[in-house]
Amino acid sequence: MLKKPIPVILDGDPGHDDAIGWVVANASEDFNILAITAVNGNCSTAKAAYNSLRIAALIGYDGPVAKGQDNPLYVESLKAPTNVHGESGLDGPALPEPKHPLDNLSAVELMSKLISESNEKVVIIATGPLTNVAALLLTHPEVKENIAHISIMGGGIQFGNWTPAAEFNILIDPEAADIVFKSGIHIFMAGLDVTEKALVCQPDVQRIKEIGNPVSEIVWKWLDFFYQFHHKLGYPGAPLHDLCAVMVLIHPEVFTLKDMYVEVETASDYSKGTTVGDYYGITGKKPNCTCLMDVNREQFIDYMIKYIEKYSEV
Ligand code: BDR
Ligand code: CA
């Protein structure tokens, strides 16, 4: 029997690693992308929406793209860090201009419509702050029943990257993350525990360069840009955080997974935005998350390259 593709909504703040996650998602026959929705994070929502349209043009995605929430739910947004992804939010190679305008609906309204209308339960892949997803759950709680899981890049059980304890996506909107983690919807959490090991190193970039199709040409240049920032920090490669949240849904065997109960710290001087994981099951609370703890880096890279190669067939 033919396996049905998973209906997914890609929500993010692209962003080099969001973009590469979407390149892979679009190339995989295991996904049916219902929509792309942009959120405030790496850059303003307006820039993220424009970048989303340009990525859509690059990968040949013709479905709806919608602009999401401009600000976090309750807290003032931290200033977007231009040193990680550049001034545009997606600096590096020139991208094609959008082929389509933004959808008339806001991200939240579009998500609500598509999830309600879907015959299959939908998966949301969220690779930016969780503002859009939380706003959806607050304003349209009835859609929960038709969401299979939410696969996020965010948090870290062991450490943070924006404060010693908190990861960027969660720190930008901790209250939104808290709503999502307490929603009762199962979460796949690609936190820093795994994403900092999902490194693309120089020989991998060379392999992508050798593919020689229009998408691989952009991807290796994105990786080159993203690597420069991380290299200065001492990383041996560029961490593809957001691709982990995509890849776990189609190749879970590449990852070491651990179910646990995770809560988000929303009010604290030192640990606001921390994802507190009950690693040893001390609370006795039922796990709400499948956390990605480790990755077989070589297999992860091989799969990524396999999907980028698919753009040669078009
Ligand atoms: C997260 O922050 C962004 O820079 C990346 O796109 C990723 O989603 C990593 O902390
Ligand atoms: Ca991101």
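Description of the structure in this document. What you see is a predicted model; the values in this text were computed from it and never measured.

**Some thoughts on the overall build of the protein chain**
Part 1: Within the protein chain, the regular secondary structure consists of twelve helices and twelve strands.
Part 2: Since a compact globule built from 314 residues should have a radius of gyration of about 20 Å, the 18 Å found for the protein chain is in line with a globular shape.
Part 3: Counting only C-alpha atoms and orienting by the principal axes, one finds that the protein chain spans roughly 50 × 45 × 45 Å.
Part 4: Counting all 314 residues of the protein chain, 58% fall into the buried class.
Part 5: Nonlocal contacts in the protein chain, meaning residues at least 24 apart in sequence, comprise 83% of its contacts between residues at least 6 apart.

**Looking at the coordination of the calcium ion (ligand 2)**
Part 1: For the calcium ion (ligand 2), the full set of protein donor atoms is Asp13 (OD), Asp18 (OD), Asp18 (OD), Thr127 (O) and Asp242 (OD), at a range of 2.3 to 2.6 Å.
Part 2: Overall, the relative accessible area of 0% leaves Asp13 in the buried class.

**Brief notes about the side chain of Thr37**
Part 1: Inspection of the secondary structure puts Thr37 in strand 2 (residues 31–38).
Part 2: If we ignore the near neighbours within four places in the chain, the residues touching Thr37 are Ile9, Leu10, Asp11, Gly12, Ala66, Ala107, Met111 and Asn132.

**Describing the sheet that holds strand 1 (residues 6–12)**
Part 1: If you walk across this open sheet you meet the eight strands as 3-2-1-4-5-6-12-9, and the pairing is mixed. Strand pairing shows two members of the sheet lacking a second neighbour, strand 3 (65–67) and strand 9 (255–260), which therefore form its edges. For this sheet, the mean inter-axis angle between neighbouring strands, taken without regard to orientation, is 20°.
Part 2: Taken together, the four bridges between strand 5 (residues 147–153) and strand 6 (residues 187–190) define a ladder with parallel strand orientation. Residue Met153 lies in a different strand from strand 6, and its bridge partner there is Ala190.
Part 3: Packing against the sheet, helix 4 (residues 107–117) makes contact with strand 1, strand 2, strand 3, strand 4 (122–126) and strand 5, and its axis sits at approximately 160° to strand 2.

**Quick look at the packing of aromatic side chains**
Part 1: Overall, the coordinates contain three aromatic pairs when judged by the stated rule.
Part 2: Judged by centre distance (5.0 Å) and plane angle (65°), the ring pair of Trp162 and Phe168 falls under edge-to-face.
Part 3: Aromatic side chains Tyr279 and Tyr280 sit 5.1 Å apart centroid to centroid with 75° between the ring planes, which places their arrangement in the edge-to-face category.
Part 4: Tyr279 sits in the partly exposed class, given a relative accessible area of 37%.
Part 5: The aromatic ring of Tyr279 is capped on one face by Lys258, whose charged end is 4.7 Å from the ring centroid.

Reading guide: rules and limits
Residues numbered from 1 in each chain as written. Chains lettered and ligands numbered in written order. Predicted model: local features only at pLDDT ≥ 70, side-chain atom pairs only at ≥ 80, totals over all residues. Heavy atoms only, no water. Helix = DSSP H or I, 4+ residues; strand = E, 2+ residues; numbered from the N terminus. Rg over C-alpha atoms; globule rule 2.2 N^0.38 Å. Buried < 20%, exposed > 50% of the residue type's maximum accessible area, 1.4 Å probe, protein only. Contact = heavy atoms within 4.5 Å. Donors = N, O, S within 2.8 Å, 3.2 Å for Na, K, Ca; no water. Pairing = 2+ DSSP bridges. Axes fitted to C-alpha atoms, helices over the stretch in contact; angles between N-to-C directions. Phe/Tyr/Trp six-rings, centres within 6.5 Å; stacked < 30°, edge-to-face > 60°. Lys NZ or Arg CZ within 6 Å of the ring centre and 35° of its normal.

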